[in-house]
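Structural overview
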Amino acid sequence: MPRAAEAGRGYATEEGLQEKTSVRGRGIRGRTGVRKVMQQTRCCLVLLTSGCFIVQVLGAALLSHPRDVLMESVNMRHVLRWSPPVVACSTVRYSVQFQGEFELHILNGSWENSQACWLTTLNECDLTADLASDSDYNLRVQARCGEAASRWTNLPRPFNREQTRLTIPIVGVRVSGTSAQVDLPDLPSTLELFLTYWRKGQKIKVSPLKVPQKWRPFHMSGLQEGATYCLFAQVYFPSSNRSTSSEDQCFHVPDSSLCLLGPVTVFFALVLLVVLVPVLLWTARHFFFILLHNCWHQEPLPAALIHDVEDEMIYLIKLDHGEEHHTILVLEPSHTGTQMSSI
């Protein structure tokens, strides 16, 4: 009996071990299946990513990138320009991105899109509003034709708006009475404009006047009649401590008393012309006849040539001598006794 009991316990133990082994095997097979599914999913993601990359590379290879990218900055107006790529595309669109020190150091080197120049058809982009700080900016442009996109073309060197070129301000003056209007250039608020004006000969007594945007054009009043005034304008860039100035420009304020002299002179000139023209015409005509009579004197015509043919008596003389003869027409004046006959 004890041996039978031991044999039963041994059989039960073997069955338990087999059951545990089968459960463990099922767990291993389950984990293996999960691993296979994860590997297949990973392969699909890699293939998908590779496919997208290949499509982008092929698209970029089909479309050449913009060339000759440069920045033109004049009076704090910053315009990025480039040459279009040589592609067989009806409409090429361009996108511009910029990267300042904030994007480079704080935003981990990210790029910002220029909203005014995103998918534009122009070959230039006004970045004045985007480049709002005195820091270095990296700029780049990309071309697109349908789904194809070129690689980004970077500006060769970072741009800083302190590099902007200041031009000589153009000043125009319009005088009206004792006032004058000074036309000044339209400049952004980042540039300061100063105007210096003085009466001629008193330049050392004046100082420049800052002219804000709301005072443009600038009005000068209370000017002295008959005097000459001079002025010049200066553009100042505080960030770079640079400036440029115009040449001295002078203008004259007319005297009101002299202004009336012109119309009065014109009136008297017209009156004198109306009076003298008839006199001159009569004198010229009279002098012409005198000159004609003295230089080309004519003898009077004979009396026989003055009378009309109607006053003459016309008659025919016939000769009846039986000889050949010709008829003769004789003209005899009525007031003389002269007779004409044929021989």
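Structure report, in brief. From a predicted model like this one, the values you see are computed outputs, not experimental measurements. (Residues numbered from 1 in each chain as written. Predicted model: local features only at pLDDT ≥ 70, side-chain atom pairs only at ≥ 80, totals over all residues. Heavy atoms only, no water.)

On a plain count of helices and strands, the chain comes out with four helices and 18 strands. Taking all 343 residues of the chain together, the buried fraction comes to 24%. Long-range pairs, those at least 24 residues apart, make up 61% of the contacts in the chain with a sequence separation of at least 6. Carbon and sulfur atoms make up 60% of the accessible area of the chain, which amounts to about 24,900 Å² in all. (Helix = DSSP H or I, 4+ residues; strand = E, 2+ residues; numbered from the N terminus. Buried < 20%, exposed > 50% of the residue type's maximum accessible area, 1.4 Å probe, protein only. Contact = heavy atoms within 4.5 Å. Areas by Shrake-Rupley, 256 points an atom, 1.4 Å probe, with all protein chains shown as cover.)

This part takes up unusual backbone geometry. With an omega dihedral of 0°, the bond running from Arg216 to Pro217 counts as a cis peptide bond. Mapped onto the fold, Pro217 is located in the loop between β12 (209–210) and β13 (218–220). Its identity as a non-glycine residue notwithstanding, Met76 has a phi of 65°, on the positive side. By the secondary structure assignment, Met76 is in the loop between β1 (67–74) and β2 (77–83). The backbone of Asn108 shows a phi angle near 60°, a positive value even though the residue is not glycine. Relative to the helices and strands, Asn108 resides in the loop between α2 (101–106) and β4 (112–120). Here Asn108 falls in the exposed class, since its relative accessible area comes to 71%.

Strand order across the open sheet formed by three strands is β9-β10-β13, with antiparallel pairing between neighbours. The open sheet is flanked by β9 (172–176) and β13, the only strands paired with a single partner. Pairs of neighbouring strands in the sheet enclose a mean axial angle of 20°, with direction left out of account. The pairing of strand β10 (residues 179–183) with β13 spans three bridges and is antiparallel. For Val182, the partnering residue across the bridge sits in β13 and is Phe218. (Pairing = 2+ DSSP bridges. Axes fitted to C-alpha atoms, helices over the stretch in contact; angles between N-to-C directions.)

Bringing the environment of Leu119 into the picture now. Tracing the backbone shows Leu119 in strand β4. Aside from chain neighbours lying at most four places away, what touches Leu119 is Arg93, Tyr94, Ser95 and Arg144.

Moving on to the state of the cysteines. Applying the stated rule across the entire model yields three disulfides. Here Cys89 pairs with Cys145 through a disulfide, and the sulfurs are 1.9 Å apart. In this structure, the disulfide formed by Cys89 and Cys145 twists by about 95° around the S-S bond and is classed as right-handed. Taken together, the residues span a long stretch of sequence, with Cys89 in the loop between β2 and β3 (93–99) and Cys145 in strand β6 (residues 138–145) at a distance of 56 residues. (Disulfide = S-S within 2.5 Å.)

On to the pairing of strand β14 (residues 228–237). Across the 10 residues that make up β14, a large majority, seven, are buried. Relative to β14, strand β11 (residues 192–199) runs antiparallel, the two being bridged by eight bridges. By the bridge assignment, Leu195 is partnered in β14 with Ala233. Pairing of β14 with strand β16 (residues 249–252), which is carried by four bridges, proceeds in the antiparallel orientation. Opposite Thr228, over in β16, you have His252 as the bridge partner. Counting the residues between successive antiparallel strands, the hairpin from β14 to strand β15 (residues 242–245) contains four residues, one of them, Asn241, with a positive phi of roughly 55°.

Turning our attention to a nonpolar patch on the surface. On the surface, a nonpolar cluster with roughly 410 Å² of combined accessible area is contributed by Phe267, Phe268, Val271 and Val275. For Val275, a relative accessible area of 48% translates into the label partly exposed. (Patch = residues over 30% accessible without salt bridge, like charges linked within 9 Å, V, L, I, M, F, W, Y side chains within 5 Å. Salt bridge = Lys/Arg side-chain N within 4 Å of Asp/Glu carboxyl O.)

Turning our eyes to something else, we now look at the sheet that holds β2. Here we have three strands laid out as an open sheet, ordered β1-β2-β5, and antiparallel in their pairing. Strands at the two margins of the open sheet, each flanked by one partner only, are β1 and β5 (124–126). Across the sheet, the mean angle separating the axes of adjacent strands is 15° when strand polarity is ignored. Examined bridge by bridge, β1 and β2 share six bridges and lie antiparallel to one another. The residue bridging Ser73 from the neighbouring strand is His78, located in β2.

On to the pairing of β3. Taking burial as the measure, the seven residues of β3 include six buried ones, the bulk of the element. As paired strands, β3 and β6 are joined by seven bridges and run antiparallel to one another. The residue of β6 that forms the bridge with Val96 is Val141. Two elements, β3 and β4, share four bridges in a ladder whose sense is antiparallel. Directly across from Phe98, in β4, lies its bridge partner Glu112.

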